[in-house]
Amino acid sequence: MCMVQNGNHVLLIKRPDSRGFPGFLAPGGKIDFPESLVDGACREVEEETGLRVSNLVFKGIDEYVNPQKNVRYMVFNYWTETFTGDLLENPPEGELLWVPISEALDLPMQEWFKERFPLFFEEGTFEIQRVWDEHKKKQIELTIIKT
């Protein structure tokens, strides 16, 4: 995931219900092996928005742990204010909007993204660990470490 900032605004995607994870999110996606994490983040931003980003700053990790299935899923989070290009007219993931940072948390978004959003703008990095209970079908633990 990469938070793209332009002055006091950030670029968010308004994802429709049909795409999964509905609501407002920053651009991002899966890494294509064997590309690097940064190259993958840059590619995903360009595919989803049309912008070519650079000078990414690593902000932190958000990991989902499912002990019953022995699974760990990690999201690497970056921030940048360096970009070129124009927004896509027909973006594949949903409507693209420059949103004032001060108003973003008032928008509908996934709870995990709402928890993570302010951390992009704080000094240092973060590590979030979410523990999922497969039997209860819900998150049972949340730990946020700021470094």
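These notes cover the structure that comes with them.

The rules we used
Residues numbered from 1 in each chain as written. Predicted model: local features only at pLDDT ≥ 70, side-chain atom pairs only at ≥ 80, totals over all residues. Heavy atoms only, no water. Salt bridge = Lys/Arg side-chain N within 4 Å of Asp/Glu carboxyl O. Helix = DSSP H or I, 4+ residues; strand = E, 2+ residues; numbered from the N terminus. Buried < 20%, exposed > 50% of the residue type's maximum accessible area, 1.4 Å probe, protein only. Polar contact = N/O pair within 3.5 Å; in protein donor to acceptor, adjacent residues only side chain to side chain. Contact = heavy atoms within 4.5 Å. Phe/Tyr/Trp six-rings, centres within 6.5 Å; stacked < 30°, edge-to-face > 60°. Pairing = 2+ DSSP bridges.

All right, on to the pattern of salt bridges then. All chains considered together, the criterion is met by 13 salt bridges. Its salt-bridge partner being R15, residue E93 comes within 2.5 Å of it at the nearest N-O pair. Of this pair, E93 sits in the loop between β7 (82-84) and β8 (95-100) while R15 sits in strand β2 (residues 9-15), and the two are 78 residues apart along the sequence. R15 shares its class with E93; the two are buried.

Relative to the helices and strands, E63 resides in strand β5 (residues 57-66). Residue E63 is classed as buried on the basis of its relative accessible area, which comes to 5%. Here the side chain of E63 touches Q129 through a polar contact of 2.9 Å, side chain to side chain. Residue contacts for E63: discarding those within four places in its chain leaves R72, Y73, M74, E127, I128, Q129 and R130.

Further remarks concern the environment of V45. Looking at where V45 falls in the secondary structure, it is placed in helix α1 (residues 37-49). A residue is classified by how much of its surface remains accessible, and V45, at 0% relative accessible area, is buried. In this structure the C-alpha to C-alpha distance between V45 and V10, which are 35 residues apart in sequence, comes to 13 Å. If we ignore the near neighbours within four places in the chain, the residues touching V45 are C2, V4, P27, G50, L51 and V53.

Our next topic: the side chain of N66. Mapped onto the elements, N66 comes out in strand β5. Assessed through its relative accessible area of 9%, N66 is described here as buried. For N66, the side chain forms a polar contact with the side chain of E134, separated by 2.6 Å. If we skip the residues at most four places from it in the chain, N66 touches V71, W132 and E134.

Attention now moves to the packing of aromatic side chains. The full count for this structure, using the stated rule, is eight aromatic pairs. The interplanar angle of 75° and the centroid separation of 6.3 Å between the aromatic rings of W112 and F113 together place this pair among those described as edge-to-face. For W112, a relative accessible area of 17% translates into the label buried. Accessibility expressed as a relative area gives 0% for F113, which makes it buried. Plain terms: the ring middles of F120 and F126 are 6.2 Å apart, the flat faces sit at 75° to each other, and that makes the pair edge-to-face. Since its relative accessible area comes to 4%, F126 is described here as buried.

In this section: the pairing of strand β1 (residues 2-6). In terms of burial, β1 is largely enclosed, as four of its five residues are buried. Relative to β2, β1 runs antiparallel, the two being bridged by two bridges. Across the sheet, the residue bridging to N6 is H9, located in β2. Between β1 and β2, which pair antiparallel and follow one another directly, the connecting turn spans two residues, one of which, G7, has a positive phi of 65°.

Bridge count for strand β9 (residues 126-133) against strand β10 (residues 138-146) is eight bridges, and the pairing is antiparallel. In the strand pairing of β10, Q129 is matched with T143. What sits between β9 and β10 in their antiparallel hairpin is a turn of four residues, with K137 showing a positive phi close to 55°.

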